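As a plain string of letters, each chain reads:
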Amino acid sequence: MPCPRWKRRSGGELESSFRILVSDGGSQERAALRALKKMDLNEDEDVLAMLKGSQFCKIRSLKWQKVRFYRLQEDCMTVWFQRRFRHPKSHHVFSLQHIEAVRQGHQSEGLRRYGGAFPSSCCLTITFKGRCKNLDLAASTEEEAQRWVRGLAKLRARLDAMSQREKLDHWIHGYLHQADSDHDSKMSFKEIKHLLQMVNVTMDDMYAHQLFKECDSSRNEQLEDAEIEEFLRRLLKRPELEEIFYRYSGEDRVLSATELLEFLHDQGEEGATVAQAQHLIRTYELNEKAKQHNLMMLDGFMMFLLSPDGAVLDPTHKDVYQDMNQPLSHYFISSSHNTYLTQSQIGGVSSTEAYIRAFAQGCRCVELDCWEGPDGEPVVYHGHTFTSKILFRDVIQAVRDHAFSLSPYPVILSLENHCGMQQQSTMAHYLRTILGNMLVTETLDGKIPEELPSPEQLKGKVLVKGKKQTVHQKKEALSDPPAEDKENELKLLKVKSFTKRRKSSTHKLEESVLPYIEEEEEGKEEQDEKSEEEEEGEAEAGQYNKQTKKRPQISSRLSDLIVYCCSSHLNAMDLPGIQPQPCRVPSLSERKARKFIKEAGNHFVRHNTDQLCRVYPLGLRMTSANYNPQEMWNGGCQLVALNFQTPGYEMDLNNGRFLVNGKCGYVLKPAFLRQRDTTFDPERPGPPQTTLIIKREAKLYRGPAGSGGDLWGTQGLRPERD
């Protein structure tokens, strides 16, 4: 049976936003032509060829390379593909809305490794938003590959230009089509539950079934047409938006242009006019009758609030608007921790794709944990864990190809170096030869800098952050490892300790460490008590430190590439009298940063006005969970590194922070976090405090005449401001 078409109701009914119409059996070709005509692509040869379909070789490994048939569906918004054997859990379709990028050639880790048998011009990679794997394809001809690359680009551009109403129509159509597994235009409760999972709606099964029964007016255990429409209406209900609407609309439950204007003024849009309010009604109101009378219903109001016109982001901030000529230390810089990981830091997969995705999100500081690899090739992975390894060379190639795809401003490579002298020299060789002129190898003016250069001065440049070889550091080579390294070693030894005792899988290992993570999230990590595992880990760490007291030196070739970002150490006791050293960059765990903020808040903020400071998650976050970045930003820290592969509240905050200024990855800090003499203390925010000192002093005076001339002492109060 032909798939149903989900269309918006256009009549005078006001109670719903959606209506479902079953196809009348018309040809799919006519439906496709109608869709193309609406998109002004009805004569486009590339899109027409995609509607007919093409055979590609899907590539996953050297052995797994299979032919698949891909075809653009009639809605021109989804791609269907056919397998030799049907998989019952797969819907064989993906939406263009989920595509993040389309690359032609060997431009993915998979194609570089496994696509050598296919010409680069015949290959393409489709990357998806979220954690979905890349789709690596090889066409039979170069022309066919180019048709799909061009066609997908045109269709995605049209999708971006869609109105909010059109996007919502397509969203509903796509998910209902996928949830209706047997394509009978009816929805069972099982299919409804699948729909809720696809749209990320967490709902108790009992409540979901109750809602299902309330909408099932036909009592046949299936929802049809108007019943599905009613279910969708309840599903899309937003009580918080309804409350705002009713507050301004009054008893009649409709917004006039004047009432909408009042709402706009209350939101800070003081320059808004009645004409603008009327334009919003004409643009977003769904009901034609209401639109004719310049009235806005609840559905239209919700469409407006969820549209770009209703976004809280100032449209003028979508481009770079801030001063980009101040020192690097005056900016918050989007930063990633363990960038190479796609999953947890215990057994996750390492991939160059993680770097590409971080750059696509505007990240400007990425981390490389570098270890000794076979055949003289340094590798990047989370040392002493079950994470997979990738070549250092491949990471640098990904940096070269993708670092400036979204933002032109400088990228910082934060190196955690565990390699010997020979492979350090190999790293330096790759950095120089692959990055070429991108790499900063000396100061801009050839002099010792008194302050860091600006993002504008470093456009298109790559900075290396790491330990630099100095005379002072050579003398320290025989001393104990620094605090940060001790914590890293302790973290690794804890993992080893757990592995020895548990003798179990990665999953069980994560479960054994999970109580520590929960303890940190509850703020208990500052307690003095130590668990048995921590005590054992410290004992092993002490033994390990004795064995590794002599640390390897830093290669001069690698050291020469570290110019503006020299790794250094920072102690709370040194903060009050420390002199500005603009090229020194301390790296602090979240715990140590919190301690600095609590014990020396103002001094820490002053330190961060001249120097960069990087903060990273505690090693006990085995599941790659994140900390709240806001408290670190409050301390003036610029490089607040998060696990980009872990979505959640913390990454939402980070994305919101760097959504402005053209998503360039640099956001100017507030003035009070840039001034060297600032009085701001993140532990005591607000205006400067004034202390009122009350001094007591005694005054002597002679009594009135006839009183015997006695002297009486009285006490007076004299306030003084300090």
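Residues numbered from 1 in each chain as written. Predicted model: local features only at pLDDT ≥ 70, side-chain atom pairs only at ≥ 80, totals over all residues. Heavy atoms only, no water.

### What to know about the overall build of the protein chain
Quick reminder of the rule: Secondary structure elements follow DSSP: runs of H or I no shorter than four residues count as helices, runs of E no shorter than two count as strands, and numbering proceeds from the N terminus. Type-normalised accessible area, obtained with a 1.4 Å probe on protein chains alone, sets the label of each residue: buried when under 20%, exposed when over 50%, and partly exposed for intermediate values. Whether two residues are in contact is decided by their heavy atoms, any of which lying within 4.5 Å being enough. Only the protein chains shown count as covering a residue, and every accessible area follows the Shrake-Rupley method with a 1.4 Å probe.
Counting its regular elements, the protein chain contains 24 helices and 26 strands. Of all 722 residues assigned to the protein chain, the portion counted as buried reaches 48%. Long-range contacts, defined here as pairs at least 24 residues apart, represent 66% of the contacts in the protein chain between residues at least 6 apart. Surface accessibility of the protein chain: about 37,300 Å² in total, with carbon and sulfur atoms responsible for 49%.

### A word on the pairing of strand β19 (residues 462-466)
In plain terms, the rule: Here the rule is simple: two strands pair whenever DSSP picks up at least two bridges between them. Whether a crossover is right-handed depends on one test, that the path from the first strand over the helix to the second runs clockwise when the strands point away from the viewer.
Buried residues dominate β19, accounting for five of its five residues. Along β19, one buried face is formed by V462, V464 and G466 and the opposite face, lined by L463 and K465, is buried too. Here strand β18 (residues 411-417) pairs with β19 via four bridges, running parallel. In the sheet register, L413 faces β19, and the bridge partner there is V464. A crossover links β18 with its parallel partner β19, the connecting element being helix α16 (residues 421-435), and its sense is right-handed. Relative to strand β20 (residues 565-568), β19 runs parallel, the two sharing two bridges. In the sheet register, K465 faces β20, and the bridge partner there is C565.

### Overview of the packing of aromatic side chains
We describe a pair of aromatic rings using the distance from one ring centre to the other and the angle between the two ring planes. Quick reminder of the rule: Only centres within 6.5 Å qualify two rings of Phe, Tyr or Trp (six-membered ring in Trp) as a pair; their planes then separate them into stacked at under 30 degrees, edge-to-face at over 60, and tilted for everything else. Sitting over a ring, as applied to charges here, requires NZ of Lys or CZ of Arg to be within 6 Å of the ring centre and within 35 degrees of the ring normal.
What the rule picks out here adds up to 18 aromatic pairs. Ring centres 6.0 Å apart and planes at 75° place the aromatic pair F56 and Y70 in the edge-to-face group. Remark: Y70 occurs in strand β4 (residues 65-72) and F56 occurs in strand β3 (residues 54-59); sequence separation between them is 14 residues. Its relative accessible area of 2% is what places Y70 among the buried residues. Measuring from centroid to centroid gives 5.5 Å for F245 and F301, while their planes differ by 50°, and the two rings are tilted. Pair noted here: F245 is in helix α9 (residues 239-249) and F301 is in helix α13 (residues 298-305), with a separation of 56 residues, a long-range link. Given a relative accessible area of 1%, F301 falls into the buried group. Three or more aromatic residues joined by ring pairs form one cluster here, namely F245, Y246, Y248, F263 and F301. Looking at R60, its charged tip hangs above the ring of W64, at a distance of 4.4 Å from the centre.

### A word on the nonpolar core
The test is simple: Think of a nonpolar core as a cluster: buried Ala, Val, Leu, Ile, Met, Phe, Trp, Tyr and Cys residues, connected wherever their side-chain atoms sit within 4.5 Å.
By size, the foremost hydrophobic cluster in this structure holds 59 residues, and its most contacted members are Y355, L368, F392, L413, L431 and F604. If we ignore the near neighbours within four places in the chain, the residues touching F604 are L570, L575, L588, A593, F596, I597, C613, G635 and C637. Within the second largest apolar cluster, 28 residues are counted, among which are L51, L124, W148 and L155.

### Observations regarding the side chain of T443
Our working definition: Throughout this description, a polar contact denotes any pair of N or O atoms lying within 3.5 Å of each other; where both atoms belong to protein, one of them has to be capable of donating a hydrogen while the other can accept it, and for residues adjacent in sequence the pair is counted only when both atoms sit in side chains.
Position of T443 relative to the elements: it lies in the loop between α16 and β19. Within the local environment of T443, its side chain forms a polar contact with the backbone oxygen of K447, the two atoms lying 3.0 Å apart. In this structure T443 touches P449, V563 and Y564, once residues within four positions along its chain are discounted.

### What about the pattern of salt bridges?
Two side chains carrying opposite charge are able to pair once their charged atoms lie near each other. Applicable threshold: Definition used for salt bridges: Asp or Glu carboxyl oxygen within 4 Å of a side-chain nitrogen of Lys or Arg.
Considering all chains together, one arrives at 18 salt bridges under this definition. K154 serves as the salt-bridge partner of D44, at 2.7 Å between the closest nitrogen and oxygen. Placement of D44 in the loop between α1 (28-38) and α2 (45-52) and of K154 in helix α4 (residues 142-160) is noted, with a sequence separation of 110 residues between them. Take D44: its relative accessible area is 15%, and that puts it in the buried class. On the basis of relative accessibility, which here comes to 30%, the residue K154 falls in the partly exposed class.

### Overview of the packing of helix α10 (residues 257-266) against helix α11 (residues 274-284)
Geometrically, a packed helix pair is captured by the angle between its two axes and the distance between the axes. Formally: Only C-alpha atoms enter the line fits that serve as axes; for helices the fit covers just the stretch in contact. Angles between N-to-C directions range over 0 to 180 degrees. Geometric relationships in this document are graded by angle, where less than 35 degrees denotes roughly parallel, more than 145 denotes roughly antiparallel, 65 to 115 denotes roughly perpendicular, and other angles denote oblique. For this classification, Asp, Glu, Lys and Arg are treated as charged, while Ala, Val, Leu, Ile, Met, Phe, Trp, Tyr, Cys and Pro are nonpolar and the rest, including Gly, are polar.
It is at 9 Å that the axes of α10 and α11 come closest, and there the two elements cross at 105°. Accordingly, the angle class assigned to the pair α10 and α11 is roughly perpendicular. Where α10 abuts α11, its residues A257, L260, L261 and L264 lie against V274, A277, Q278, L280 and I281. Here the residues of the contact of α10 with α11 sort into eight nonpolar, one polar and no charged.

### Focus on the sheet that holds β4
Strand order in the open sheet formed by seven strands is β6-β5-β4-β3-β9-β8-β7, with antiparallel pairing between adjacent strands. Because the sheet does not close on itself, it has two edges, and the strands there are β6 (93-95) and β7 (99-104). For this sheet, the mean inter-axis angle between neighbouring strands, taken without regard to orientation, is 30°. Pairing analysis gives six bridges linking β3 to β4, with the strands arranged antiparallel.

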